[in-house]
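Close look at the chain arrangement
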Amino acid sequence: MAPRAIDAAAPDGFRILPDSRLRGRLGRRLLSPVLLTHLLRFADLLAIFAGALIVPFIREGGPSFVATEAFLLLGVALFASNAFSLAGLYAEDQLHRTGRQIRYALTLWTLAAVLGVAILFLAKVSTDVSRVWAFGWYLSTAALLVLIRLALTRAVGALKEAGFLLRRVLVVGNGTHGHATLERLRKHDPDTLVLGYLETELDTPLGPDQGRWLSGFLQARRVEHVVIALPWSATERVASLLDKLRRHPVSVSFLPGIDANGRALPLRGITTYADSPALRLLDRPLDERKYLLKSLEDRILGSLLLVAIAPLLLAIAVAIKLTSKGPVFFRQARVGFHGQQFRVFKFRSMYTDLCDREGQGFVAHTSRNDPRVTPLGAFLRKTSLDELPQLINVVLGDMSLVGPRPHAVAHDDHYSALIDEYLSRHRVKPGITGWAQVNGARGEINNITQMEQRIRYDLEYIEQCSVGFDLWIMLRTIGILASDGQAY
């Protein structure tokens, strides 16, 4: 067995990095995050079934179900478990995100329960189900799902503090990119325990002392992963390091830098073309599965909402015709998915002779007490009722229920020249509401900083886009509309 070289002074370029989570001992990764995700899935199913038993035990001292209740229990449990999985609640990197876990779990559990009851109602068997039992089951399970996630957070934190569940990493780097990678891992990756850093020269091979020290360090510290942070051009040095690391039971990752400033290549994964591996640098926001789910969400919910609010739309249309001259709808060219233009439907809220004209150049943002807005229009804009006709755009496929808000063509041309990532918001369909809007980024734009903030929220949404996230944004939108004072 190789001697424990770490007991001697480290050679030049090698740093041992202390970490309080070791607590003077070498924590072992006896419990993997993958196992924790399976335990969480099992605990959720157990909570759903346990919640269904609480009310019968309190009322009758034991389990008692009719066939319809048993059918509802099994169907809702199956739907909820799969919905949790599709929303990413069982992903390794989501275990420590307590707020998101609780928010999505409660939203999806509510959706599962409502759908289950709706199906029984449509099947005309809802009277077979005890309302007391159904409501008690819903509340009990919701409470158990929250308690499970609070307990999970404490357990994960304690295990990581003790040195478990952490990826044990050695960083091998050079220059700015190597040090930037080291700092990024230490400060922003709580799941990683960086045990050491080896500064390697690009044109000089590892010396005998460094080689022996490297082998001894990997053994003594039980390193599991080696991250090579070298420039993209350092292929010979990477190959040399791989030759030395092959004899050790470690995984090796290459995190290449793309310029002298240490910027990392934005790797998204590996794909294959003609049996050859290729680095994936940018992913589509919606793959085939997500695109299908979001399309179904938009078309089904959009159609249902359009039918449900048809009387309200008719009443608003009549009020517009009676209070000012001009058409009911205001239609304007907006920029949508993939930069394609479409005409958006809105209730007209301005005087016809003062409305923005096609081709007039830059379109002014609406301001507080804008003289162009009619009295009825001010109310419609204040309550966002002027946006309701955009459900037509959703059903037609031009828009989505949730997404970045569509901007006028003139605004797109203006801001795309000022903000580098502005056009990235066109990677998904625009929406009636969005992540920026529920976070307060709506209303008048007074400076470029406010638009940059909206773009940041839009890009965050695109990165996290999912049906569960959409449902959460829609629920928040309903609560915000009644109290929001930023629209005018």
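1. Some points on the overall build of the protein chain
The helix and strand inventory of the protein chain stands at 15 helices and 11 strands. Sequence-distant contacts, at least 24 apart, represent 75% of the contacts inside the protein chain between residues at least 6 apart. Accessible surface for the protein chain amounts to roughly 25600 Å². Of this, 61% is attributable to carbon and sulfur atoms.

2. Regarding the packing of aromatic side chains
For the structure shown, the criterion picks out 10 aromatic pairs. Pairwise contacts between aromatic rings join Y104, W435, Y461 and F469 into one cluster. The side chain of R100 reaches across the aromatic face of Y104, ending 4.2 Å from its centre. Above the ring of F345, the side-chain terminus of R331 is found at 4.2 Å from the ring centroid.

3. Examining the pairing of strand β6 (residues 269-273)
Among the 5 residues of β6, 0 are classified as buried, and the element is accordingly described as predominantly exposed. Bridge count for β6 against strand β7 (residues 276-280) is 5 bridges, and the pairing is antiparallel. Of the residues in β7, the one forming a bridge with I270 is L279. Between β6 and β7, which pair antiparallel and follow one another directly, the connecting turn spans 2 residues, one of which, A274, has a positive phi of 55°.

4. A short note on helix α10 (residues 375-382)
Buried within α10 are the following residues: G377, L380 and R381. Buried residues of α10, seen end-on, are gathered within an arc of 95° and therefore sit on one face of the element. Buried positions along α10 lie against α9 (310-323) and β9 (341-347). Of the residues flanking the end of α10, it is S384, one or two places downstream, whose phi is positive at about 65°.

5. Some remarks on the sheet that holds strand β2 (residues 167-173)
The sheet built from 5 strands is open, its strands ordered β1-β3-β2-β4-β5 with mixed pairing. Every other strand in the sheet has two partners, leaving β1 (14-16) and β5 (251-254) as the edge strands with one partner each. Adjacent strand axes in the sheet meet at a mean angle of 25°, parallel and antiparallel pairs treated alike.

6. Observations concerning a nonpolar patch on the surface
On the surface, a nonpolar cluster with roughly 580 Å² of combined accessible area is contributed by W232, L267, I270, L279, L281 and L282. Here L281 is to be found in the loop between β7 and α8 (288-308). You can call L281 partly exposed: its relative accessible area is 39%.

7. Some thoughts on the confidence of the model for the protein chain
Averaged over the protein chain, the pLDDT score is 83; the fraction of residues at 70 or greater is 87%. Mean pLDDT per element in the protein chain: β1 is the minimum at 71, and strand β10 (residues 400-402) is the maximum at 96. Confidence over residues 23-27 falls short of pLDDT 50; this stretch has 10 contacts with residues more than four positions distant or in other chains.

8. Notes on the pattern of salt bridges
Summed over all chains, the structure comprises 11 salt bridges. Salt-bridge contacts for E387 lead to K346; the nearest nitrogen and oxygen are separated by 3.7 Å. Of the two residues, E387 sits in the loop between α10 and α11 (390-396) while K346 sits in strand β9, which places them 41 residues apart along the sequence. Beyond isolated ion pairs, a larger network of salt bridges with shared partners links K346, D386, E387 and R405.

9. Description of unusual backbone geometry
Of note, the phi angle at R222 is positive, near 50°, even though the residue is not glycine. Position of R222 among the secondary structure elements: in the loop between α6 (208-220) and β4 (225-229). Here S384, not a glycine, exhibits a phi torsion of approximately 65°, which is positive. Within the secondary structure, S384 is located in the loop between α10 and α11. Overall, S384 belongs to the buried group, its relative accessible area being 11%.

10. Digging into the pairing of β9
Within β9, 5 of the 7 residues are buried, which leaves it mostly tucked inside the rest of the structure. In the sheet, strand β8 (residues 329-335) pairs with β9 via 7 bridges, with the strands oriented antiparallel. In the strand pairing of β9, Q332 is matched with V344. Taking the residues that link successive antiparallel strands as the turn, the β8-β9 hairpin has 5 residues, and the phi of H338 there is positive, at about 60°.

11. A word on the packing of α8 against α9
Following both chains from N to C, one finds α8 and α9 inclined at 55°, their axes separated by 4 Å at the closest point. Judged by the inter-axis angle, α8 sits oblique to α9. Only A310, P311 and L313 of α9 make contact with α8, whose side of the interface consists of L306, V307 and A308. Classifying every residue of the contact of α8 with α9 gives 6 nonpolar, no polar and no charged.

12. Some remarks on the side chain of E387
Given the relative accessible area of 14%, E387 is considered buried. Setting aside chain neighbours within four positions, we find E387 in contact with K346 and R405.

13. Here's the deal with the nonpolar core
The biggest cluster of nonpolar side chains holds 71 residues, and the ones touching the most others in it are F84, W109, W133, W137, F347 and Y461. With near-sequence residues (within four places) excluded, W133 lies in contact with A52, V55, P56, F65, E69 and L72.

14. Overview of the packing of helix α3 (residues 98-122) against helix α15 (residues 467-481)
Helix packing for two helices is described by the angle between their axes and how far apart those axes are. Packing of α3 against α15 leaves a shortest axis separation of 10 Å and a crossing angle of 90°. Between α3 and α15, the crossing angle belongs to the class labelled roughly perpendicular. Along its contact with α3, which presents R103, Y104, T107, L108 and L111, the element α15 presents G468, F469, L471, W472 and L475. Grouping the amino acids of the contact of α3 with α15 by side-chain chemistry returns 7 nonpolar, 2 polar and 1 charged.

15. Observations regarding the side chain of N393
Structurally, N393 can be placed in helix α11. Ignoring anything within four residues of it in the chain, the contact list for N393 reads F342, R343, V344, F345, D398 and M399.

Rules used in this analysis
Each chain carries its own residue numbering, running from 1 in the direction its sequence is written. In keeping with the model being predicted, local features are shown solely for residues with a pLDDT of at least 70 and side-chain atom pairs are shown and tallied solely at 80 or more, while totals for entire chains, interfaces and linings include all residues. Values shown for side chains rest on all heavy atoms present in the structure; no hydrogens or waters enter the calculation. Starting at the N terminus, helices and strands are each numbered in turn, a helix being any DSSP run of H or I of at least four residues and a strand any DSSP run of E of at least two. Note on definitions: a residue-residue contact is assigned when non-hydrogen atoms from the two residues lie within 4.5 Å. Residue exposure ignores everything except the shown protein chains as possible cover, and the areas themselves are Shrake-Rupley values with a 1.4 Å probe. Two rings belonging to Phe, Tyr or Trp (six-membered ring only in the last case) form a pair when the distance between their centres is within 6.5 Å. Interplanar angles under 30 degrees mark stacking, angles over 60 mark edge-to-face geometry, and anything in between is tilted. Only lysine NZ and arginine CZ atoms are considered, and such an atom sits over a ring when it is within 6 Å of the ring centre and within 35 degrees of the ring normal. The rule is simple: take the accessible area with a 1.4 Å probe, protein chains only, and divide by the maximum for that residue type; under 20% is buried, over 50% is exposed, in between is partly exposed. Strand pairing requires that DSSP identify at least two bridges connecting the strands. This arc is built from the directions going out from the helix axis to the C-beta atoms. Note on geometry: axes are lines fitted to C-alpha atoms, helical ones only across the stretch in contact, with angles between N-to-C directions running from 0 to 180 degrees. Patch criteria: residues need more than 30% relative accessible area and no salt bridge. Like-charged residues are merged within 9 Å; nonpolar side chains of Val, Leu, Ile, Met, Phe, Trp and Tyr are merged within 5 Å. When a carboxyl oxygen of Asp or Glu lies within 4 Å of a side-chain nitrogen of Lys or Arg, that pair is called a salt bridge. Predictor confidence is given residue by residue as pLDDT, running from a minimum of 0 to a maximum of 100. For classification purposes, angles smaller than 35 degrees are called roughly parallel, those larger than 145 roughly antiparallel, those between 65 and 115 roughly perpendicular, and all remaining angles oblique. Residues are sorted three ways: Asp, Glu, Lys and Arg are charged, Ala, Val, Leu, Ile, Met, Phe, Trp, Tyr, Cys and Pro are nonpolar, and all the rest, Gly among them, are polar. Within this scheme, the nonpolar core is defined by two criteria: the residues are buried Ala, Val, Leu, Ile, Met, Phe, Trp, Tyr or Cys, and they are joined through side-chain atoms within 4.5 Å.

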